[in-house]
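# Structure at a glance
Next come the chains, spelled out residue by residue.
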Amino acid sequence: MALRISELFASIQGEGPSVGVPSVFVRLAECNLACTWCDTKYTWDWEHYDREREVREVAVDDVAEEVVELAGAGARTLVVTGGEPMLQQFELVPLLVKLRAFGFRVEVETSGTITPEPAIAAVVDQWNVSPKLASSGNKRTARLRAAPLGWFAAAPNAGWKLVATSEADLAEIDDLVATYAVPAARVTVMPEGTDAATLAERARWLVPACVQRGWRFGTRMHVVLWGSERGR
Ligand code: SF4
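Described below are features of the structure shown in this document. All values reported here derive from a predicted model rather than from experimental measurement. (Residues numbered from 1 in each chain as written. Predicted model: local features only at pLDDT ≥ 70, side-chain atom pairs only at ≥ 80, totals over all residues. Heavy atoms only, no water.)

### Quick notes on the overall build of the chain
This is how it is decided: Secondary structure is summarised from DSSP: a helix means a run of H or I of at least four residues, a strand means a run of E of at least two, and numbering begins at the N terminus for each. Partly exposed residues are those whose accessible area sits between 20% and 50% of the maximum for their type, while under 20% is buried and over 50% is exposed, using a 1.4 Å probe and protein chains only. Two residues qualify as a contact provided that any one of their heavy atoms is within 4.5 Å of a heavy atom in the partner residue. Accessible surface is estimated by sampling points in the Shrake-Rupley manner with a 1.4 Å probe; for residues, cover comes only from the protein chains shown. Positive: Lys, Arg. Negative: Asp, Glu. His and the chain ends are not part of the count. Charge placement uses NZ in Lys and CZ in Arg. For Asp and Glu, CG and CD serve respectively.
Helix and strand counts for the chain come out as 9 helices and 9 strands. Principal axes of the C-alpha set define a box for the chain whose edges measure 45 × 35 × 35 Å. Looking at the 232 residues of the chain, the share that counts as buried comes to 53%. Put simply, 72% of the contacts in the chain that link residues at least 6 apart link residues at least 24 apart. For the chain, the accessible surface area stands at approximately 10,200 Å², while carbon and sulfur atoms represent 53% of it. Taken together, the 24 basic and 30 acidic charged side chains of the chain have centroids lying 4 Å from each other.

Put into structure tokens, the structure is as follows:
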């Protein structure tokens, strides 16, 4: 079995509840959405990127070997990201089984548009679910799907991570969180931005909004440190 890989690298988790944790990242290729502000368009936008150059098909055993090598004696968190990793949920299972046997804790990042099957649900320690708002430019029917969002709302190991581009997004986040009855303690909202100055400027209105609602404020540490550099 093989996975369609965009990139593999070791770094710190830059977002969400495990921010700062040393991790190995498996970035999978392809996405079922097309966010206008996406900072990983090289995983899916074949009008502007060359798929032949960007995607490599790698056998699961070889991916596991590369992850272990990248982790060295340190990192024991695996972050599967994308693109949309759930497009390859069946291929991912043997990789996650293998790496958990090596002692890795597994986080999977997803837009919450595909319901996990029991096989993958059993081998994921933490879901980082990032439903997309209208400001992402995707059609509502594509970005908000009731069945998977209901599944993730009911999963105690799923943190919801939302990206706000402006204050206008807050009402939509309020609505989403209320519709799916997501506990405030499981909600992280972070500003959209691909440079540190934009993130800081947007934090000015986002921090008070988070305090008011009991949400965690998140930033994008990798963007603060490295901007939009790839493989960081
Ligand atoms: Fe990019 Fe993620 Fe949106 Fe896909 S869901 S287009 S990878 S930001």
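### So, the site of the ligand
Condition: Near is defined per residue: the residue qualifies when any heavy atom it owns lies within 4 Å of the molecule or strand. Residues are sorted three ways: Asp, Glu, Lys and Arg are charged, Ala, Val, Leu, Ile, Met, Phe, Trp, Tyr, Cys and Pro are nonpolar, and all the rest, Gly among them, are polar.
Contacts to the ligand come from C31, L33, A34, C35, W37, C38, T40, W44, G83 and K132. A breakdown of the residues in the shell around the ligand according to their chemical character gives 7 nonpolar, 2 polar and 1 charged.

### Describing the nonpolar core
What counts, and what does not: Only buried residues count toward a nonpolar core. Its members are Ala, Val, Leu, Ile, Met, Phe, Trp, Tyr and Cys residues joined through side-chain atoms within 4.5 Å.
Within the largest apolar cluster, 53 residues are counted, with the highest numbers of intra-cluster contacts made by V63, L78, L96, W127, W160 and V189. Contact partners of V189, with chain neighbours within four places excluded, come to L162, A164, I173, L206, C210, W215, R216, F217 and G218. In this structure, W37, C38, V163 and M190 belong to the second largest nonpolar core, which totals 6 residues.

### What to know about the state of the cysteines
Filter applied, for reference: Defined by distance alone, a disulfide is two cysteine sulfur atoms within 2.5 Å.
This model, assessed by the stated rule, comprises 0 disulfides. C210 carries a free sulfur, and the closest cysteine sulfur to it, the one in C35, is 20 Å from it. Among the residues examined, C210 registers a relative accessible area of 2% and is labelled buried.

### Regarding empty space enclosed by the protein
This is how the line gets drawn: Cavity and pocket criteria rest on a 1 Å grid covering protein atoms alone: a 1.4 Å probe that fits but cannot get out defines a cavity, protein on both sides within 12 Å along at least 5 of 7 lines defines an open pocket, and an atom within 4 Å of a point defines a lining residue. Grid points are joined across faces, edges and corners, and a volume is the space filled by probe spheres set on the points.
Tallied over the full model, the rule gives 2 cavities of 30 Å³ or more. Taken as a whole, the second largest cavity encloses approximately 40 Å³ of empty space. The class makeup of the residues in the lining of the second largest cavity is 4 nonpolar, 3 polar and 1 charged.

### Considerations on the pairing of strand β1 (residues 2–12)
Regular strands place side chains that alternate from one sheet face to the opposite one. What counts here: Each pair of strands is called paired provided DSSP finds at least two bridges between the two strands.
Burial runs high along β1: 8 of the 11 residues are buried. Direction of pairing for β1 relative to strand β3 (residues 56–59): antiparallel, over a ladder of 4 bridges. Among the inter-strand pairings, L3 is bridged to a residue of β3, identified as V58. Sheet topology note: the β1/strand β2 (residues 22–28) ladder contains 7 bridges and is antiparallel. The residue bridging A10 from the neighbouring strand is V24, located in β2.

By themselves these figures say nothing about function.
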